[in-house]
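Examining the three-dimensional arrangement
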2 protein chains.
Amino acid sequence: MTSPSWESLPDRLRARGLRWTPQRRVLVDVLSSTRGHVTGSELVERCRAVDPATIPSTVYRTLDVLEDLGVVRHGHGPDGREEFHVLPEAEHGHLHCESCGTSWDLSLDDARTLVRSLRARRGFVVDLSHVTIVGRCAGCVDPTPP
Amino acid sequence: MTSPSWESLPDRLRARGLRWTPQRRVLVDVLSSTRGHVTGSELVERCRAVDPATIPSTVYRTLDVLEDLGVVRHGHGPDGREEFHVLPEAEHGHLHCESCGTSWDLSLDDARTLVRSLRARRGFVVDLSHVTIVGRCAGCVDPTPP
DNA sequence: CATGCTGTTGCAACTGGTCGCAATAAGGGG
DNA sequence: CCCCTTATTGCGACCAGTTGCAACAGCATG
Ligand SMILES: [Mn+2]
Ligand SMILES: [Mn+2]
Ligand SMILES: [Zn+2]
Ligand SMILES: [Zn+2]
């Protein structure tokens, strides 16, 4: 399933004086068949599977361009590594248990109190998709042995 | 000013079967004269200033050990790089404007609503010192030209 | 003070990503 | 269809760490 935003990408780029290249087409093809989260290096791998001549810096630079266009958003995992969200998708952050390693999505609803209070108290607008909250999940905090 | 926790460190290590080495002493000396935040590579540099033979992996491994002991905590800047908090210090996270690049501390008080709602709704205990919230600050969201 | 167990170091290779620069090639205008 | 401007690529060096391994050295013990 190809969403309309992928089809119009070449023109959206050209309208900004940017260019549509074979290397960008490879990455966009990979992204358009990706759902959920991907790390940068996973994207490099998948591009290399399509075109073995893929150069990492080209992929990362294209990801920057695509993020400017709003086509992807990046965040960072608990180790600081980049994670990309492919749009359109509900904006969300991540919750990560540093004890068992499990991750959960943090919906706008879950984060509402944070987003609201920062906006109210400081006028600060949170970029939720960039957020990863680390801590300990219920199961790891309270290991109930029956 | 050397806090008591620095002086007792050698013994705290030995009590755990760990060792007090010249390399660790250099790092601990550097840490004890550091206030606020430092990145990992800054610490490597400062250690190298004391002992030019400093090896990065040794510093990072020692930082891991010190974090287990609760002497430092790490978080990640907006770019994913490590940032260390030297204790004792009030636990806090960070707020970073991706537009102007300014950072602010995010106190437990500022984050209270988030911490509480995650604990209430999911039993999740937030490690605030690991959190960096990225977004746009009041000045960048609303550029009021007089 | 000598011995030995094992935690720690130094080193080198590797991962994920960034950067500067010269060569290449989109793609708009003539 | 050719030209020219300039965005983009490929490449190599570099930054921030991480990891496996063999050599080394704390330190507890006798
Ligand atoms: Mn981390
Ligand atoms: Mn980021
Ligand atoms: Zn857990
Ligand atoms: Zn700002």
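Residues numbered from 1 in each chain as written. Chains lettered and ligands numbered in written order. Predicted model: local features only at pLDDT ≥ 70, side-chain atom pairs only at ≥ 80, totals over all residues. Heavy atoms only, no water.

As for the coordination of the manganese ion (ligand 1)
Put simply, the rule reads: With water excluded from the atoms, a metal site may look incomplete; its donors are any N, O or S atoms within 2.8 Å, or within 3.2 Å for Na, K and Ca. The secondary structure listing takes helices from DSSP runs of H or I that are at least 4 residues long and strands from runs of E that are at least 2 residues long, numbered from the N terminus. Think of it in three bands: with a 1.4 Å probe and only protein chains considered, a residue is buried below 20% of the maximum accessible area for its type, exposed above 50%, and partly exposed in between.
Coordination sphere of the manganese ion (ligand 1), protein contribution only: Pro-78 of chain A (O), His-74 of chain B (NE2), His-76 of chain B (NE2) and His-130 of chain B (NE2), at 2.1 to 2.5 Å. Residue Pro-78 of chain A is found in the loop between strand 2 (72–76) and strand 3 (82–86), and its partner His-74 of chain B is found in strand 2 (residues 72–76); the two belong to separate chains. Accessibility expressed as a relative area gives 18% for His-74 of chain B, which makes it buried.

Describing the packing of helix 4 (residues 40–50) of chain B against helix 5 (residues 56–68) of chain B
All names here are of chain B. Formally: Angles run from 0 to 180 degrees between N-to-C directions of axes, and those axes are lines fitted to C-alpha atoms, restricted for helices to the stretch in contact. An angle below 35 degrees is read as roughly parallel, one above 145 as roughly antiparallel, one from 65 to 115 as roughly perpendicular, and any other as oblique. Handedness of each helix crossing follows the sense of rotation of the near helix against the far helix: counterclockwise by less than a right angle gives left-handed, clockwise gives right-handed. A contact between two residues is defined here by any heavy atoms of the two lying within 4.5 Å. Classes in brief: Ala, Val, Leu, Ile, Met, Phe, Trp, Tyr, Cys and Pro nonpolar; Asp, Glu, Lys and Arg charged; the others, Gly included, polar.
Viewed as axis vectors pointing N to C, helix 4 and helix 5 meet at an angle of 120°, and their least axial separation amounts to 10 Å. One element, helix 4, and the other, helix 5, form an angle in the oblique class. The crossing of helix 4 and helix 5 is right-handed. Contact with helix 4, carried on its side by Gly-40, Ser-41, Leu-43, Val-44, Cys-47 and Arg-48, involves Pro-56, Val-59, Tyr-60 and Leu-63 of helix 5 and no other residues of that element. A class-by-class count of the residues in the contact of helix 4 with helix 5 yields seven nonpolar, two polar and one charged.

Observations regarding the protein's contact with DNA strand C
Note the threshold: Put simply, a residue is near a molecule or strand once any heavy atom of it comes within 4 Å of that molecule or strand. Think of a polar contact as two N or O atoms within 3.5 Å of one another; within protein, one of them needs to be a possible hydrogen donor and the other a possible acceptor, and neighboring residues in sequence only count if both atoms come from side chains.
The immediate surroundings of DNA strand C are formed by 20 residues, with Trp-20, Tyr-60 and Glu-82 of chain A together with Gln-23 and Arg-24 of chain B found nearest. Measuring from a base oxygen of DNA strand C, one finds a side-chain N or O atom of Arg-61 of chain A at 3.1 Å. The separation between a phosphate oxygen of DNA strand C and a polar side-chain atom of Thr-21 of chain B is 3.0 Å. Those elements that provide at least two residues to the surface near DNA strand C are helix 4 (40–50) and helix 5 (56–68) of chain A together with helix 3 (22–32) and helix 5 of chain B.

Topic: the coordination of the zinc ion (ligand 3)
All names here are of chain A. Spelled out, the test is: Labels for metal geometry use angle windows, namely 85 to 135 degrees for all angles of a four-donor tetrahedral site, and for square planar (four donors) or octahedral (six donors) sites opposite donors over 155 degrees apart plus all others within 65 to 115; sites meeting none of these are irregular.
Around the zinc ion (ligand 3), the donor atoms from the protein are Cys-97 (SG), Cys-100 (SG), Cys-137 (SG) and Cys-140 (SG), and they sit 2.2 to 2.4 Å away. Here the zinc ion (ligand 3) binds four donor atoms, and the angle range of 103 to 113° at the metal identifies the geometry as tetrahedral. Of note, the donors binding the zinc ion (ligand 3) are all from one chain and are spaced C-x2-C-x36-C-x2-C. Here Cys-137 lies in the loop between strand 7 (132–136) and helix 7 (138–141) and Cys-100 lies in the loop between strand 4 (92–97) and strand 5 (103–107), a separation of 37 residues in the sequence.

Examining the packing of helix 3 of chain B against helix 4 of chain B
Residue and element names in this part refer to chain B. Following both chains from N to C, one finds helix 3 and helix 4 inclined at 115°, their axes separated by 9 Å at the closest point. Here helix 3 is positioned roughly perpendicular relative to helix 4, judged by the angle of their axes. Regarding helix 3 and helix 4, the two cross each other, and that crossing is right-handed. When helix 3 is examined against helix 4, the residues Val-26, Leu-27, Val-30 and Leu-31 are found in contact with a partner set consisting of Leu-43, Arg-46, Cys-47 and Val-50. Residues belonging to the contact of helix 3 with helix 4 are distributed by class as follows: seven nonpolar, no polar and one charged.

Examining the sheet that holds strand 1 (residues 37–39) of chain B
All names here are of chain B. The line we're drawing: The pairing criterion is simple: DSSP has to find at least two bridges between the two strands.
Strand order across the open sheet formed by three strands is 1-3-2, with antiparallel pairing between neighbours. The open sheet has two free edges, formed respectively by strand 1 and strand 2, since each of these has just one partner strand. The sheet shows a mean angle of 35° between the axes of neighbouring strands, direction not considered. Its contacts with the sheet place helix 5 against strand 2 and strand 3 (82–86), and it is angled at close to 115° to strand 2.

What to know about the domain arrangement of chain A
All names here are of chain A. Our working rule: What fixes the domain bounds is an automatic or database domain assignment. Throughout, buried area stands for the accessible area (probe radius 1.4 Å) lost by two parts on being put together, summed over both. Salt bridge criterion: a side-chain nitrogen from Lys or Arg within 4 Å of a carboxyl oxygen from Asp or Glu.
Here chain A is described as being made up of domain 1 (4–86) and domain 2 (92–135). In this assembly, nine residues from domain 1 lie in contact with nine residues from domain 2. With both chains or domains summed, domain 1 and domain 2 bury close to 730 Å², and 52% of this area falls on carbon and sulfur atoms. For domain 1, the biggest contributors to the area lost against domain 2 are His-76, Pro-78 and His-85; these three give 52% of the whole. For the pair domain 1 and domain 2, the interface holds one salt bridge.

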